[in-house]
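Results of the structural survey
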Amino acid sequence: MATVRIEFLRSFLETGHAALFVRPIALGALTRAELATVIEAPGTLTGLRFEPGLVTRIVEDTGTADALPLLAYLLQELYFASGRGKVATFDEYRRLGGVAGALSRQADQLVTALRGGEGIEPILAVLFKFVTTEGTEATRRRVVLDDLSEDERRVVTAFVEARLLVTDVWEGTPIAQVAHEALFRQWAPLRQEVEARAELLRRRAELERWAADWRQAGHKVDYLLTGERLQLALQWLEGLESAGQDSGEIRAFTEASKRRDLAFLRRVSEGIGQYVLANAEQYPELAILLAMAALSECPPTPAATRALMAALPFSHLTHVLDGHTDAVRNLAWSPDGALIATASRDGTCRLWDATTGSNVAVLEGHHGMVEMVVWAPDARRIATASRDHTVRVWDTTTGRTLAALTGATDVVRTVAWAPDGTKIASGARDRVVRIWRADTYELLDELHGHTDNILGIAFSPSSNLLATGSHDRTVRIWDLAAGSVAVLRGHQDFVEGVAWSPDGAFVASAGGEATMRIWDVRSSAQTGLIRCHGTRVWNVAWSPDGTYLASCGSDNTARVWNPQTSEEIFALRGHTDDVWGVVWSPDGAHLATGSADTTARIWDVAPKGAESLQLAGHRGPVRAAAVTPSGRLIATGGDDAAIRIWDAADGTLHATVTDHQDTVHDLAWTSTEGRTVLLSCSSDRTIGLWRLDEAAPSDISGERIPTSDIHEAVTWRPGSDTFATAGHDRTISIHPGGDHESTESLAGHHDWVVGLTWSPTGTRLGSTSDDRTARIWKVNGSREVVTLHGHANWVDDIAWSPDARRVVTGSADGTARVWDTATGEQLAVLDAHEARVAGVAWSPDGFMIATASYDRTVRLWAGRTYAEIGVIGVHRGPVVSVTWTPDSQTVISASFDGTARLWPFQVDLDVLKAEARSRVFRPLAQEERLAHLLPDPDQ
């Protein structure tokens, strides 16, 4: 047996290579004589002989449990120090530090060479990675090289070159490990580090064992941690990370466990919900992608549902037109609304189906970039302008070139077709505007005057005037009949885009100094200035009804503006480079944009959210919405002083009342004796009475009744033609039988009365005021029954329960409150909104309460327990009014976002998800998933 041990040991020592002791070698106890025999035997280390007595000294010094690796390392160093055929001497042995000191001496020398201003600690931190525990014993640990930083790799490389660490490939992955366990058992600095941080080693070893089990099981979810064990593992990992001792495998294991942990996933869902609510307008596509991921990959939470509802109203994108290989410089919508033409610097013009977004034709023939495209009024031809110095006219059915309009001596940048179909105009870098006949393509005229490149051109609606914009910083209005020209000066940089208002009274221009300017054509005066897009505004377009202006620019967005107030209505985000072109659909319901990112995109002007119906058309905030007792018609009113009458089934606009001269604050319907009457109040100090037949709602008539002060609230007595109004004079006025003059006045509030509603029995009134109270009044006797104290700010609205025993109030303190109308006792506080609660409504069947808030949400509450049911709708702006349809199935809300919307009381999440999927055109990027702690879809 001793012979076998000696032969194995001789083989081991002959190699002088660390790979032989990757695993511990159990040779049993060797006698000193056996060890000396092996060392002195010929060929043990080829060509190396020993000074007399040295082997005996070596054997005497080899007395520790790590004798074998220490001895191997010493003999290897003696071999390299003495050289082939030489004699190993005592002096060389002592210089190397002897058996016990050789390895330590080498490690000390390395540390001296490597240490910087931070001392030995960073080096020990790296070497500590190579130690783990088995039971109570420290042992070697494989370290994946890819887990190391550049500085850590530098330390490892030095120790590998010194043969204190070795590299290898383990399961296809490059790793390193200690060559001799003596490094952490004999070398004092690392041994002391291991002893001092034994608990950290134990925790890391435990985590690595769990992670290895998971890996060896093929990443089955059954091997992941949950609950308390997961929380403990996360605590341990945090300690390892702070010490720089974590590993990729541990991180992957704990991250996978977290993702499978339901409680954690709920927190992820909540976090995504909060992020989306804060960023839906800025990042609409990302908001939808995150909300969808939270709903499909995490346990369902109210926050995720609300997030999706919040994202949809900001998600305008409907199609991405992808096919060009260079910038989309310009685009045009066909007059019949069926097609979109795009002009690209890839030298082509493409035609797209405006409904499906599919590419239906590619028009090729230009020998340079295509800069602009325009449709003929009959939608059968288009004209394109190109850098090949030509304008080409195309048949859109066949794709054939009908004519090439030549004459320009430089790049042609612009082209326009007269609305009456008779002329085509172009502008070029040669500073000349050219006019052709649109039937024979004969050159009619050349207009000279610009002193630089011409980049914008547009005919007036009458076709008699032509507007051009130039890099000479001017806009010029050419009277084609008179031959005169007006020069509009004001831009401080180039002018790229020009557009006429539909009535021909104004021209808008886009400038390189980040402004959009509006000009009165008759006086040539600048009447508006909008600063936008940061550095460059590339183009501008009026909406077909003249209500809005669209612009596009260098900030990768298109934006829609109110040209009268310069207020931004919304922004279209999604392009990844400059947006060069913007155009409205003929019906004004959509926009299309073209970008340097090589795509064109189609957008909804008023994107649909979770609502079943959206009523859009007001030019400003909508403050009130009311539904007829039959449920057939809805009236809305707001800051534009208009009242609009809509079909409740399909949203058809039946009539618009424009008699009021200022904000419409409140609306109320009544139907008695076959008559349907709408009551309104306005800041113009009038009350309106408007009569119509529901069978012919477009035929509406009425009158305005002057008041001494502004009234903000109106209500009808149930089943009668008596109504009440209240306002800034702090009183409530009752008008019996529709009388213009009030016969009763209720006083007691100390500030404006802003909310008013009659009880279902018709015997009492409820009112709210900026004096922070609500009050219940007995009409017969004109006395106050009870004052409801408890709100901490203005009380905005009040609604009765169907049994008239309770009321709910909404306040600027962010709460709604339920009260007993007989005693004034506060029964419940509905506290979930994050801002002012401006509207409240009790469902006709009594089962639910709806609340509307400045936090943009519509929420439902149980009518008996007052528990929150959830969010059923989200607007783009504050919600200020809410009411129920008579069947208690739908909530109608009015918002400062300019719309009224109808919400089913039950949210159909599947419908929402389907709508959301149609709005996104890419998956979540891996880094986006990681940033929001979403599960890895591949695991």
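This section reports on the structure supplied with the text. Values in this document were obtained by computation on a predicted structure and should not be read as measured data. Position labels on residues start from 1 in each chain and follow its written sequence. Given that the model is predicted, a residue must reach a pLDDT of at least 70 before its local features are reported, and side-chain atom pairs must reach 80 or more before they are shown or counted; all residues, however, enter totals for whole chains, interfaces and linings. The basis for the side-chain values is all heavy atoms of the structure; hydrogens and waters are excluded.

1. Digging into the overall build of the chain
Note the following rule: Secondary structure elements are defined from DSSP: runs of H or I of at least 4 residues count as helices, runs of E of at least 2 residues count as strands, and each element is numbered from the N terminus. Atoms considered for the radius of gyration are the C-alpha atoms alone. The globule rule reads 2.2 Å times the number of residues to the power 0.38. Here's how the labels work: a residue is buried when its accessible area is under 20% of the maximum for its type, exposed when over 50%, partly exposed in between, all with a 1.4 Å probe on protein chains only. We call two residues in contact when some of their heavy atoms are within 4.5 Å. Only the protein chains shown count as covering a residue, and every accessible area follows the Shrake-Rupley method with a 1.4 Å probe. As used throughout, the charge tally considers Lys and Arg to be positive and Asp and Glu to be negative, leaving His and the chain termini uncounted. Charged groups are reduced to one reference atom each: NZ for lysine, CZ for arginine, CG for aspartic acid, CD for glutamic acid.
Of the regular secondary structure elements, the chain holds 18 helices and 63 strands. Relative to the 2.2 N^0.38 estimate, which gives 30 Å for 939 residues, the radius of gyration of the chain is 41 Å and therefore markedly larger than a compact globule would have. Once the C-alpha set of the chain is aligned to its principal axes, its extents read approximately 130 × 90 × 45 Å. The burial tally for the chain puts 57% of its 939 residues in the buried class. Of the contacts made within the chain by residues no fewer than 6 positions apart, 49% connect residues no fewer than 24 positions apart. When the accessible surface of the chain is summed, it comes to about 38200 Å², and 47% of that surface belongs to carbon and sulfur atoms. In the chain, 90 positive and 122 negative side-chain charges are present, and the distance between their average locations comes to 5 Å.

2. What about the side chain of Asp666?
To keep it simple, the criterion reads: A 3.5 Å cut-off defines polar contacts: any pair of N or O atoms within that distance qualifies, except that in protein one atom must be a possible hydrogen donor and the other a possible acceptor, and neighbouring residues in sequence count only when both atoms are side-chain atoms.
The topology assignment puts Asp666 in strand β41 (residues 664-672). A distance of 2.9 Å separates a polar side-chain atom of Asp666 from the backbone nitrogen of Val714. The contacts of Asp666, once residues within four sequence positions are left out, are Ala624, Leu679, Ser680, Cys681, Glu712, Ala713 and Val714.

3. Things to note about the sheet that holds strand β44 (residues 696-706)
Counted only if it meets this: If DSSP finds at least two bridges between two strands, the strands pair. Note on definitions: angles span 0 to 180 degrees between N-to-C directions of axes, and those axes are lines fitted to C-alpha atoms, for helices only across the stretch in contact.
The four strands are arranged β41-β42-β43-β44 in an open sheet whose pairing can be described as antiparallel. In this open sheet, the two edge strands, each paired with only one partner strand, are β41 and β44. Across the sheet, the axes of successive neighbouring strands diverge by a mean angle of 20°, strand direction being ignored. Examined bridge by bridge, strand β42 (residues 675-682) and strand β43 (residues 686-693) share seven bridges and lie antiparallel to one another.

4. Some remarks on helix α11 (residues 198-216)
The condition is simple: To estimate how far a helix should extend, the number of its residues minus one is multiplied by 1.5 Å.
End to end, α11 covers 26 Å across 19 residues, agreeing with the expected 27 Å (1.5 Å per residue, within 8%). All buried positions along α11 are accounted for by Leu200, Leu201, Arg204, Ala205, Leu207, Glu208, Trp210, Ala211, Ala212 and Trp214. Where α11 is buried, its residues contact α7 (121-128), β3 (131-134), α10 (188-196), α12 (227-243) and α13 (248-260). Just past α11, the residue Gly218 takes up positive phi, approximately 75°.

5. Regarding the environment of Glu60
Relative to the elements of secondary structure, Glu60 occurs in helix α3 (residues 54-61). With 645 residues separating them along the chain, Glu60 and Ile705 place their C-alpha atoms 119 Å apart.

6. Topic: the nonpolar core
Stated precisely, the cut-off is as follows: Buried Ala, Val, Leu, Ile, Met, Phe, Trp, Tyr and Cys residues form a nonpolar core when they are joined through side-chain atoms within 4.5 Å.
With 48 residues, the main nonpolar core has Phe159, Leu183 and Trp187 as its most contacted residues. When residues in this core are grouped by element, the largest group, six residues, is from α11. Ignoring any residue separated from it by four or fewer positions in sequence, one finds Phe159 in contact with Leu110, Val111, Leu114, Ile123, Leu127, Leu164 and Leu165.

7. Notes on the environment of Ala838
Its location among the elements puts Ala838 in strand β57 (residues 837-842). Ala838 gets classed as buried once you look at its relative accessible area, which sits at 9%. Put simply, Ala838 and Trp542 are 296 residues apart on the chain and 34 Å apart in space, counted from C-alpha to C-alpha. Leave out the neighbours within four places in its chain, and Ala838 touches Asp796, Asp797, Ala852, Ser853, Tyr854, Val879 and Val880.

8. As for the pattern of salt bridges
Basically, it comes down to this: The rule for a salt bridge is simple: a side-chain nitrogen of Lys or Arg has to be within 4 Å of a carboxyl oxygen of Asp or Glu.
Counting across every chain of the model gives 41 salt bridges. Put simply, Lys258 and Glu255 hold a salt bridge, and the shortest N to O gap is 3.1 Å. Taken as a pair, Lys258 and Glu255 lie in helix α13 at a separation of three residues, close to a single helical turn. Across the salt bridge formed by Glu285 and Arg922, the nearest N and O atoms sit 3.3 Å from each other. Taken together, the residues span a long stretch of sequence, with Glu285 in helix α15 (residues 284-297) and Arg922 in the loop between α17 (909-917) and α18 (926-931) at a distance of 637 residues. Among the residues examined, Glu285 registers a relative accessible area of 17% and is labelled buried. What makes Arg922 partly exposed here is its relative accessible area of 31%.

9. Things to note about the pairing of strand β62 (residues 890-895)
In terms of burial, β62 is largely enclosed, as six of its six residues are buried. Residues Thr890, Ile892 and Ala894 point to one face of β62 and Val891, Ser893 and Ser895 to the other, with burial holding for every one of them. Bridging between strand β61 (residues 879-884) and β62 involves five bridges; their strand directions are antiparallel. The partner of Thr883 across the bridge, within β62, is Ile892. Where β61 hands over to β62, the hairpin turn is made up of five residues, of which Ser888 adopts a positive phi near 65°. In this structure, β62 lies alongside strand β63 (residues 899-904), joined through five bridges in antiparallel fashion.

10. Quick look at helix α16 (residues 302-311)
Among the ten residues in α16, nine count as buried, and that is most of the element. Those residues of α16 that sit buried are Ala303, Ala304, Thr305, Arg306, Ala307, Leu308, Met309, Ala310 and Ala311. In this structure, the buried side of α16 is in contact with α14 (262-279), α15, β59 (857-862), β60 (868-874) and α17.

11. Section: a negative patch on the surface
This is how it is decided: To count toward a patch, a residue needs a relative accessible area over 30% and no salt bridge; like charges are then connected within 9 Å, while nonpolar side chains (Val, Leu, Ile, Met, Phe, Trp, Tyr) are connected within 5 Å.
There is a patch of like negative charges on the surface, built from Glu118, Glu121, Glu150 and Asp151. Its place among the elements puts Glu150 in helix α8 (residues 150-161). Its relative accessible area of 71% is what places Glu150 among the exposed residues.

12. What to know about the sheet that holds strand β29 (residues 537-542)
The antiparallel open sheet is built from four strands, whose spatial order is β29-β30-β31-β32. In this open sheet, the two edge strands, each paired with only one partner strand, are β29 and β32 (567-573). Across the sheet, the axes of successive neighbouring strands diverge by a mean angle of 20°, strand direction being ignored. As judged from the five bridges shared by β29 and strand β30 (residues 549-553), these two strands associate in the antiparallel manner. In the sheet register, Val540 faces β30, and the bridge partner there is Ser551.

13. What to know about unusual backbone geometry
A positive phi angle, close to 70°, is found at Arg730, a residue other than glycine. Tracing the sequence through the fold places Arg730 in the loop between β46 (723-727) and β47 (731-735). Overall, the relative accessible area of 42% leaves Arg730 in the partly exposed class. Unusually for a residue other than glycine, Arg856 sits at a positive phi of about 80°. Mapping Arg856 onto the fold places it in the loop between β58 (848-853) and β59.

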